[in-house]
Amino acid sequence: MKKLVSLFLAFLMLLSAVPALADTAVDRDGPTVTLTVYSQLANYSGIQTGWSAALLKDKFNVEINIIPDQDGTYETRMASGNLGDIVVWGNNGDDYKNAVAKGMLLDWEEDHLAEDYAPYLWENYKAALEANRSINGDDKIHGFGHSVAFTEGSHGAFFYSWDLRYDLYDQLGKPEIADLNGMIDVFKQMKEICPTDEKGNETYAVSIWPDWDGNMVMYVKALATAYYGYDELGIGLYNPVNGEFYDCLDPDGPYMECLKFFNQLNQAGLLDPNSMSQTFDVMSEKVKNGGTFWSIFNYAGSLAYNTDAHMEEGKYMYTVLPAQARPIAYGLGQLGGNRVWSIGNDTEYPELCLEILDYLATPEGSMTMWYGPKGLMWDYDENGGAYFTELGALCNNDKKYDLNGVQWTSPETGNTYTLSSNFNDGCLQINNTTLAQDMQNPDSKLGETFNKDTWVSVITSTTYPIQQSWRDWTGVTTSEQYIEAHPYLIMPELPYSESVMDSGFKVTWSQVTNAIRTYTWRAIMAKNDGEFNFHVNEMRKQCNNYGYDQCVEWSRGEAAAKWELTQQLAGK
């Protein structure tokens, strides 16, 4: 008996020395699970297709059905009692807090769910998870915010890149651009030397679109952010340096100044006349065809225009800052942003949802969301630096690169998949991030960030003469370095969550913001100053009738809350 007991105890000790296999909810041999993802950030509706669909099928045996946030979607899903399996929020304000209050979101700590099924998140996103708890009225963890960084004190890439047709600017002798009026002068000269695009259509300084308008017209408020460094807040703009708030109807405020700028472009024949009615995709095609000279965003400028074909022809769109511009940069930190990843409380697959979010939250998952499957489109070289494969470089240079028929063999399962769609359509259409793209990539041995513009392989790759011309003129290699050398403002990462609006005020807010958008667009497209002034006056009249002062008061309160958090962060 003593020998048997000894053997049994030795067996138990042996078992305790063997690491336990991690629990997993993935059943690769069973039927494919369809998960519903309700994303307030999505611009796509339906079953995810393309390369990310193949990846999800291979790793988790799932397909995802994406539900975007269209008119009435939130209310309908709340009334049904089921928001979805994975739920992604556009911000952590009213809608999110209402869902928390009504018990619609999964408690990640219940039965140790996140600890067991999202171990990377649980270990590495502690501050972001606690930041989520701090805004929840029930003191529970229901998710985490977007763009988490593992270190404090840095800032993200400059979101507003001020892309200009540098080749045309070079032809003009690179005249100094002091301010927005100087931009108009340069645009007029550019149109004289480049009146039509590659398709024979008329060129314009810029082509804008209404798809992404919110409380205000997106491109107008975004120009104010790009030029002054003031961040959007409520129905105005917030100065992160001193906490001041500028309501959008202030006659001397930044929104009105930028509104007048776009109308000046329109009156001069420099604004695409279809801007008020076109979609983002239609605008993008015009940029690709050389139909525009400028964009404050790289995705509506250099990323769309700078193909190998254009650069071989000596055509190039890249950063040129007006002397008085003070772009904003957004601080990086461990708390995460306001776009929340969460899980519906009624999901049948909480463990599986957590495993998927856990993968997306890893460095490899983040790299994959941005650049495609590892091995197929990117990898690490012998020095530990990231690089694009030949296929990855093609997709990076042309987001619409056709992948139909391309085969991908999973290194994990050995299964081979035939891809469909173009690269962009194959990207995960949930449209949110986990790790911050501009934080240092823990998997890189060269100190690179996730942002491809910092990869040694990209920086040292083939440079076209027109690119070298820009580098010689600026004395730097990248847009990031160029803007870094100029004055800019930083919006620090804050544990801020928008205050809840009561139902009556929501109606007022909706009426006011609808009037702002409607009359802003009418003012932009006005044919003369008299018509412009008429629409601006109508905007003020309508907004005041609806309760504009209440909306300003609410927004000023939010600005004060942000400034108090900023002071606390600074130890004042």
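Note that the coordinates shown come from a computational prediction; the quantities given were computed from them, not determined experimentally.

Structural notes on the overall build of the chain
(1) Moving on: On a plain count of helices and strands, the chain comes out with 24 helices and 18 strands.
(2) Moving on: Taking 572 residues into account, the globule formula puts the C-alpha radius of gyration at 25 Å, and the chain, at 25 Å, falls close to it.
(3) Moving on: Dimensions of the chain along its principal axes, counting C-alpha atoms only, are 100 × 60 × 45 Å.
(4) Moving on: Classification of the 572 residues of the chain by burial places 52% in the buried group.
(5) Moving on: Restricting the contact set of the chain to residue pairs at least 6 apart, pairs at least 24 apart contribute 73%.
(6) Moving on: Each charge class in the chain can be summarised by its mean position, and for the 38 positive and 78 negative side chains these summaries are 2 Å apart.

Some words on the packing of aromatic side chains
(1) Moving on: In this structure the tally under the stated criterion is 48 aromatic pairs.
(2) Moving on: Taken together, a centroid distance of 5.5 Å and an interplanar angle of 75° make the contact between Phe261 and Phe262 edge-to-face.
(3) Moving on: Seen in terms of ring centroids, Tyr371 and Trp455 are 5.0 Å apart; in terms of plane orientation they differ by 70°. Their pairing is edge-to-face. Separated by 84 residues along the polypeptide, Tyr371 in helix α16 (residues 363–371) and Trp455 in the loop between α18 (423–426) and α19 (456–459) bring together distant segments of the chain.
(4) Moving on: Since its relative accessible area comes to 6%, Tyr371 is described here as buried.
(5) Moving on: Judged by its relative accessible area of 0%, Trp455 is buried.
(6) Moving on: Lying across the ring of Tyr359, Lys59 places its NZ or CZ 4.5 Å from the centre.
(7) Moving on: Stacked on the ring of Tyr496, the Lys or Arg Lys562 has its end atom at 4.9 Å from the ring centre.

A short note on helix α22 (residues 503–524)
(1) Moving on: The first and last C-alpha atoms of α22 sit 32 Å apart over 22 residues, in line with the 32 Å expected at 1.5 Å per residue.
(2) Moving on: Residues of α22 that are buried include every one of Phe505, Thr508, Trp509, Val512, Thr513, Ala515, Ile516, Tyr519, Thr520, Trp521, Ala523 and Ile524, and no others.
(3) Moving on: In this fold, the buried residues of α22 make contact with α10 (218–228), α11 (254–267), α23 (529–546) and α24 (548–569).
(4) Moving on: Capping the start of α22 is the job of one residue whose side-chain oxygen sits 3.2 Å from the backbone nitrogen of Gly504: Asp502.

Some thoughts on the pairing of strand β13 (residues 340–343)
(1) Moving on: Neither face of β13 is left uncovered, since the one carrying Val340 and Ser342 and the one carrying Trp341 and Ile343 both have all their residues buried.
(2) Moving on: Note that strand β5 (residues 143–145) and β13 share three bridges and pair antiparallel. Directly across from Gly143, in β13, lies its bridge partner Ser342.

Comments concerning the packing of α22 against α24
(1) Moving on: Where α22 meets α24, the axes come as close as 9 Å, and the angle between the chain directions of the two elements is 100°. Considering their axes alone, α22 and α24 lie roughly perpendicular with respect to each other. Residue-level contacts link Phe505, Thr508, Trp509, Val512 and Ile516 of α22 to Tyr548, Gln550, Cys551, Trp554 and Ser555 of α24.
(2) Moving on: Partitioned by chemical class, the residues of the contact of α22 with α24 number seven nonpolar, three polar and no charged.

Quick look at the sheet that holds strand β1 (residues 33–39)
Think of a sheet as strands paired side by side through backbone hydrogen bonds, with each pair either parallel or antiparallel.
(1) Moving on: Spatially, six strands are ordered β2-β3-β1-β4-β13-β5 in an open sheet, and the strand pairing comes out mixed. In the strand order of this sheet, the two ends are held by β2 (46–47) and β5, each with one partner.
(2) Moving on: Alignment of β1 against strand β4 (residues 86–88), held across three bridges, turns out to be parallel. Residue pairing across strands places Tyr38 opposite Val87, the latter belonging to β4.
(3) Moving on: Sheet strands in contact with helix α3 (residues 73–80) are β1 and β3 (62–68), and its direction is about 125° off that of β1.

Points about the environment of Glu564
(1) Moving on: Along the chain, Glu564 turns up in helix α24.
(2) Moving on: Among the residues examined, Glu564 registers a relative accessible area of 48% and is labelled partly exposed.
(3) Moving on: Taking the C-alpha atoms as reference points, Glu564 and Leu56, separated by 508 residues in sequence, lie 43 Å from one another.

With respect to the pattern of salt bridges
(1) Moving on: The tally for this structure, following the rule as stated, stands at 18 salt bridges.
(2) Moving on: Across the salt bridge formed by Lys506 and Asp94, the nearest N and O atoms sit 3.5 Å from each other. Residue Lys506 is located in helix α22, and its partner Asp94 is located in helix α4 (residues 94–101); the two are separated by 412 residues in the primary sequence.
(3) Moving on: Judged by relative accessible area, Lys506 falls into the partly exposed class, the value being 36%.
(4) Moving on: For Asp94, a relative accessible area of 10% gives the class buried.
(5) Moving on: A salt bridge links Lys452 to Asp453; its shortest N-O distance comes to 3.2 Å.
(6) Moving on: One salt-bridge network, in which partners are shared between bridges, spans Arg28, Lys59 and Glu412.

Side note on the confidence of the model for the chain
In regions of low pLDDT, the predicted coordinates are not meant to be interpreted in detail.
(1) Moving on: Scored by pLDDT, the chain comes out at a mean of 94, with 96% of its residues at no less than 70.
(2) Moving on: Contacts for the low-pLDDT stretch residues 1–22, under 50 throughout, to residues beyond four places or in other chains number zero contacts.

Some points on the environment of Asp252
(1) Moving on: Mapped onto the elements, Asp252 comes out in the loop between β9 (245–247) and α11.
(2) Moving on: Between the C-alpha atoms of Asp252 and Asp379, which are 127 residues apart in sequence, the distance is 51 Å.

Side note on the environment of Asn306
(1) Moving on: Within the fold, Asn306 resides in the loop between α13 (302–305) and α14 (308–312).
(2) Moving on: On the accessibility criterion, Asn306 (11% relative accessible area) is buried.
(3) Moving on: Put simply, Asn306 and Gly290 are 16 residues apart on the chain and 9.9 Å apart in space, counted from C-alpha to C-alpha.
(4) Moving on: Discounting residues that sit within four places of it in the chain, Asn306 has contacts with Met311, Tyr316, Met317 and Tyr318.
(5) Moving on: Within the local environment of Asn306, its side chain forms a polar contact with the backbone oxygen of Met317, the two atoms lying 2.7 Å apart.

What counts as what
- Residues numbered from 1 in each chain as written.
- Predicted model: local features only at pLDDT ≥ 70, side-chain atom pairs only at ≥ 80, totals over all residues.
- Heavy atoms only, no water.
- Helix = DSSP H or I, 4+ residues; strand = E, 2+ residues; numbered from the N terminus.
- Rg over C-alpha atoms; globule rule 2.2 N^0.38 Å.
- Buried < 20%, exposed > 50% of the residue type's maximum accessible area, 1.4 Å probe, protein only.
- Contact = heavy atoms within 4.5 Å.
- Lys, Arg positive; Asp, Glu negative; His and termini not counted.
- Charge placed at Lys NZ, Arg CZ, Asp CG, Glu CD.
- Phe/Tyr/Trp six-rings, centres within 6.5 Å; stacked < 30°, edge-to-face > 60°.
- Lys NZ or Arg CZ within 6 Å of the ring centre and 35° of its normal.
- Expected span 1.5 Å × (residues − 1).
- Polar contact = N/O pair within 3.5 Å; in protein donor to acceptor, adjacent residues only side chain to side chain.
- Pairing = 2+ DSSP bridges.
- Axes fitted to C-alpha atoms, helices over the stretch in contact; angles between N-to-C directions.
- Parallel < 35°, antiparallel > 145°, perpendicular 65-115°, else oblique.
- Nonpolar A, V, L, I, M, F, W, Y, C, P; charged D, E, K, R; others polar.
- Salt bridge = Lys/Arg side-chain N within 4 Å of Asp/Glu carboxyl O.
- pLDDT = per-residue confidence, 0-100.

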